[in-house]
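This is what each chain is made of:
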Amino acid sequence: MARKPDPERKPALLAQIVDFLLDKPLSALTFRTLASGLGVSTYTLVYQFGTRADLVREIVLAVSERQDLVVAAVRSESGGLEEHLANLRRSWELSLTERSQQLRRLEFEAATSESRQHGLGQITRGLFDRWFSTGVDALVRMGVREEEATLEARTMVDTIYGLHYDLMVTRDAERVSAVFERVLGGYEARIARLVAEGAAPTP
């Protein structure tokens, strides 16, 4: 009977792998190059992660863990617009760190790969859907009608993904952050109006 991967060794090894890839393309990842870079055997990597596709899946899931705190904060909102805006600003601030930008690059590369190869379980699509559904739920709790909440959440998620791409390409955090604030201002005005419309009595 084959041995099962070590539950303690695997997370530590995965953290090393993510750090190793921060300045490297995901497309060039092989067990051999990874083993050489980390100073471990290819057997160890195969034993812990299985196939290359399994390894990539684990990497992308590990990379996405940094989003968990923000998602949890939005999901626990009490339904106030100011609290919601504060969480979006906090999310943006976290995305400005060098490590976050490097991890975002890995996510974008994984998403591009998934768009051509459908065998990875569409992990990045799942990450996108999580942001989208979290935004919809937050707006509905504020009193925005679900149809409008769906459009607004999609607009915000798409815009923020675009801003992250801008940041990755230009590395101009000051100007991209100024665009984010302008976008957030328009979002705030629209959501405030939609909440007021939802609270207005039906004639």
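Let me sum up the structure you'll find in this document. (Residues numbered from 1 in each chain as written. Predicted model: local features only at pLDDT ≥ 70, side-chain atom pairs only at ≥ 80, totals over all residues. Heavy atoms only, no water.)

### Remarks on helix H6 (residues 81-95)
Part 1 of the reasoning: Look at H6: 21 Å from first C-alpha to last across 15 residues, which is about the 21 Å you get at 1.5 Å a residue.
Part 2 of the reasoning: Listing the buried residues of H6 in full gives Leu81, His84, Leu85, Asn87, Leu88, Ser91, Trp92 and Ser95. Seen along its axis, H6 keeps its buried residues to an arc of 160 degrees; they face one direction. (Helix = DSSP H or I, 4+ residues; strand = E, 2+ residues; numbered from the N terminus. Expected span 1.5 Å × (residues − 1). Buried < 20%, exposed > 50% of the residue type's maximum accessible area, 1.4 Å probe, protein only. Arc of directions from axis to C-beta.)

### Focus on the packing of aromatic side chains
Part 1 of the reasoning: By the definition in use, this model includes five aromatic pairs.
Part 2 of the reasoning: Relative to Tyr47, the ring of Tyr43 has its centre 5.9 Å away and its plane inclined at 5 degrees; by these criteria the two rings are stacked. Pair noted here: Tyr43 and Tyr47 are both in helix H3 (residues 42-49), with a separation of four residues, about one helical turn.
Part 3 of the reasoning: Here the aromatic rings of Phe108 and Tyr165 are separated by 6.2 Å at their centres, their planes lie at 45 degrees, and the arrangement is tilted. Separated by 57 residues along the polypeptide, Phe108 in helix H7 (residues 98-116) and Tyr165 in helix H9 (residues 146-170) bring together distant segments of the chain.
Part 4 of the reasoning: The class for Phe108 is buried, based on a relative accessible area of 17%.
Part 5 of the reasoning: Under the relative-accessibility criterion, Tyr165 is labelled partly exposed at 49%.
Part 6 of the reasoning: Three or more aromatic residues joined by ring pairs make a cluster, and in this case those are Phe108, Phe128, Tyr161 and Tyr165.
Part 7 of the reasoning: One residue, Lys24, lies across the ring of Phe20, its end atom 4.1 Å from the ring centre. (Phe/Tyr/Trp six-rings, centres within 6.5 Å; stacked < 30°, edge-to-face > 60°. Lys NZ or Arg CZ within 6 Å of the ring centre and 35° of its normal.)

### Observations regarding the nonpolar core
Part 1 of the reasoning: Core analysis: the biggest nonpolar cluster contains 25 residues, and Ile17 and Ile59 have the highest contact counts within it.
Part 2 of the reasoning: Breaking this core down by element, the ones donating at least two residues are helix H1 (9-21), helix H2 (31-38), H3, helix H4 (52-64), H7 and helix H8 (123-142).
Part 3 of the reasoning: The element that contributes the greatest number of residues to this core is H1, accounting for six residues.
Part 4 of the reasoning: Filtering out sequence-adjacent residues up to four positions away, Ile59 remains in contact with Leu14, Ile17, Leu21, Leu26 and Leu29.
Part 5 of the reasoning: Leu88, Ala149, Met156 and Leu167 belong to the second-largest nonpolar core, a separate cluster that totals 21 residues. (Core = buried A, V, L, I, M, F, W, Y, C linked by side-chain atoms within 4.5 Å. Contact = heavy atoms within 4.5 Å.)

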